[in-house]
Amino acid sequence: MPAPTMEPLSGYRELPCTTMLDHARSNYQNLLRRRTVRDYDSRPVDRAVIEQCLLAAGTAPSGANQQPWHFVVITDAQRKAQIRAAAEEEERSFYSGRAPEEWLRALAPLGTDASKPFLEEAPVLIAIFAQKYGIDENGERFSHYYVPESVGIATGFLISALHDAGLATLTHTPSPMGFLSKLCGRPDAEKPVILLVVGYPKPGCLVPVHGGIKKPLEAISTWL
């Protein structure tokens, strides 16, 4: 096994304690403004903004730095209509019998149902794929490690970057979502995991009160 090649840590910057706390508080307050949005204006989003946010997502840590993700950006109206039709077919099955009653009760405060107009109204959809394995230069398959964890972290980076850029998002997860592989032309090595809806909220947009309730620090953390 070859020895790793190392380089100096050049990008890290340490901050004074007071500045560090100010940055931490500012970041928290910024993210606290983020809400899941289901009503979108049709205004287009500058492609360069989306590309920079994707680059930010690509900086996420991953198992063995294999970066097992692929992002498909959909802006074409016809493709979005096809995605909506396929997603709503799965959602009708979900809401009409496949979903356990407990799950439906959990969703009730959010007011969701099988209708997903945001899949056509929003200017941008980003289909996020997890790469189950890679293919080397000789066409040989090799394993990827910690794929769900890696893709989850990258998705979090992406949502944060889009929010910081002034865009709203919705994480849509129709189940199953194999239709995305076909509609996006992705290979068998990739599995769709999230359909991220991106854009500007409609004027007068309403969001459920329930979605803004966050657990307090003592409920989400333990110090030992």
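Cut-offs and rules
Residues numbered from 1 in each chain as written. Predicted model: local features only at pLDDT ≥ 70, side-chain atom pairs only at ≥ 80, totals over all residues. Heavy atoms only, no water. Helix = DSSP H or I, 4+ residues; strand = E, 2+ residues; numbered from the N terminus. Buried < 20%, exposed > 50% of the residue type's maximum accessible area, 1.4 Å probe, protein only. Contact = heavy atoms within 4.5 Å. Lys, Arg positive; Asp, Glu negative; His and termini not counted. Charge placed at Lys NZ, Arg CZ, Asp CG, Glu CD. Pairing = 2+ DSSP bridges. Axes fitted to C-alpha atoms, helices over the stretch in contact; angles between N-to-C directions. UniProt positions renumbered as here; feature names shortened; annotations may be inferred. Expected span 1.5 Å × (residues − 1). Core = buried A, V, L, I, M, F, W, Y, C linked by side-chain atoms within 4.5 Å. Left-handed = near helix turned anticlockwise from the far one by under 90°. Nonpolar A, V, L, I, M, F, W, Y, C, P; charged D, E, K, R; others polar. Salt bridge = Lys/Arg side-chain N within 4 Å of Asp/Glu carboxyl O.

Enquirer: Can you tell me about the overall build of the chain, naming the residues and giving the values?
Expert: Helix and strand content of the chain: eight helices and six strands. In the chain, the order of α-helices and β-strands from amino to carboxyl end is α-α-β-α-α-α-β-β-β-α-β-α-β-α. Along the first, second and third principal axes, the C-alpha atoms of the chain reach 55 × 50 × 40 Å. For the chain, the proportion of its 224 residues judged to be buried stands at 33%. Across the chain, contacts joining residues at least 24 apart in sequence account for 81% of those joining residues at least 6 apart. Taking the 23 positively charged and 25 negatively charged side chains of the chain as two groups, their mean positions are separated by 5 Å.

Enquirer: Which residues make up the sheet that holds strand β2 (residues 124–131), and what values go with them?
Expert: On the basis of which strands lie adjacent, the open sheet formed by four strands has the order β1-β2-β6-β5 and antiparallel pairing. The strands lining the two open edges of the sheet, one partner per strand, are β1 (69–74) and β5 (168–172). Mean inter-strand twist for the sheet, computed between neighbouring axes without regard to direction, equals 25 degrees. In the sheet, β5 pairs with strand β6 (residues 190–199) via five bridges, with the strands oriented antiparallel. The residue of β6 that forms the bridge with A168 is G199. Lying over the sheet, helix α2 (residues 47–57) contacts β1, β2 and β6, oriented at roughly 165 degrees with respect to β1.

Enquirer: Which residues make up the UniProt feature "domain: Nitroreductase" (unreviewed entry) in the chain, and what are the values?
Expert: Under the present numbering, the feature "domain: Nitroreductase" (unreviewed entry) in UniProt falls on residues 32–200. End C-alpha to end C-alpha, residues 32–200 measures 17 Å, and it is 41% helix and 21% strand.

Enquirer: Account for unusual backbone geometry, naming residues and giving values.
Expert: Of note, the amide linkage connecting S175 to P176 takes the cis form, showing an omega dihedral of -5 degrees. Secondary-structure assignment places P176 in the loop between β5 and α7 (179–184). In this model, A64 sits at a positive phi of 55 degrees, which is unusual for a non-glycine residue. Within the secondary structure, A64 sits in the loop between α2 and β1. We classify A64 as exposed; its relative accessible area is 66%. If you check the backbone angles, Q67 has positive phi at about 50 degrees while not being a glycine. On the accessibility criterion, Q67 (34% relative accessible area) is partly exposed.

Enquirer: Lay out helix α6 (residues 147–164) with the relevant residues and their values.
Expert: Across its 18 residues, α6 extends 26 Å between first and last C-alpha, which sits within 8% of the 26 Å expected from 1.5 Å per residue. Along α6, the positions that sit buried rather than exposed are V147, S150, V151, A154, T155, L158, I159, A161, L162 and H163.

Enquirer: Describe the nonpolar core, listing the residues and the values that go with them.
Expert: Among soluble globular proteins, nonpolar side chains are generally buried collectively. Among the nonpolar cores identified, the biggest contains 23 residues, and I50, F71, I126 and L158 are the most heavily contacted of them. If you list the elements that add at least two residues to this core, you get α2, β1, β2, α6 and β6. Per-element tally for this core: the top contributor is α6, with seven residues. Counting 21 residues, the second-largest nonpolar core is a separate cluster that includes V37, V72, I83 and F179.

Enquirer: Tell me about the environment of T75, and name the residues and values.
Expert: Here T75 shows up in the loop between β1 and α3 (77–98). Apart from residues no more than four positions distant in its own chain, T75 is found in contact with K80, P123 and V124.

Enquirer: Lay out the packing of α2 against α6 in plain terms, naming residues and giving numbers.
Expert: Packed helix pairs are characterised by how far apart their axes lie and by the angle those axes make with each other. Two numbers describe how α2 lies on α6: the axes approach to 8 Å, and their chain directions differ by 145 degrees. Classified by chirality, the crossing of α6 by α2 is right-handed. Residues I50, C53, L54, A56 and A57 of α2 form the contact with α6, whose participating residues are A154, F157, L158, A161 and L162. Per-class residue counts for the contact of α2 with α6 are 10 nonpolar, no polar and no charged.

Enquirer: An account of the pairing of β6 is requested, with residue identities and associated values reported.
Expert: In terms of residue burial, β6 counts as a mostly covered element, since eight of its 10 residues are buried. The sheet contact formed by β2 and β6 spans eight bridges and is antiparallel. Across the sheet, residue V124 finds its bridge partner in β6, namely V198.

Enquirer: If you had to explain the pattern of salt bridges to someone new, which residues and values would you point to?
Expert: This structure, assessed with the given rule, holds eight salt bridges. When the shortest N-O distance is used, the salt bridge between R43 and D41 registers 3.8 Å. For R43, a relative accessible area of 42% translates into the label partly exposed. Residues E51 and R47 are paired through a salt bridge, measuring 2.8 Å at the closest nitrogen-oxygen approach.

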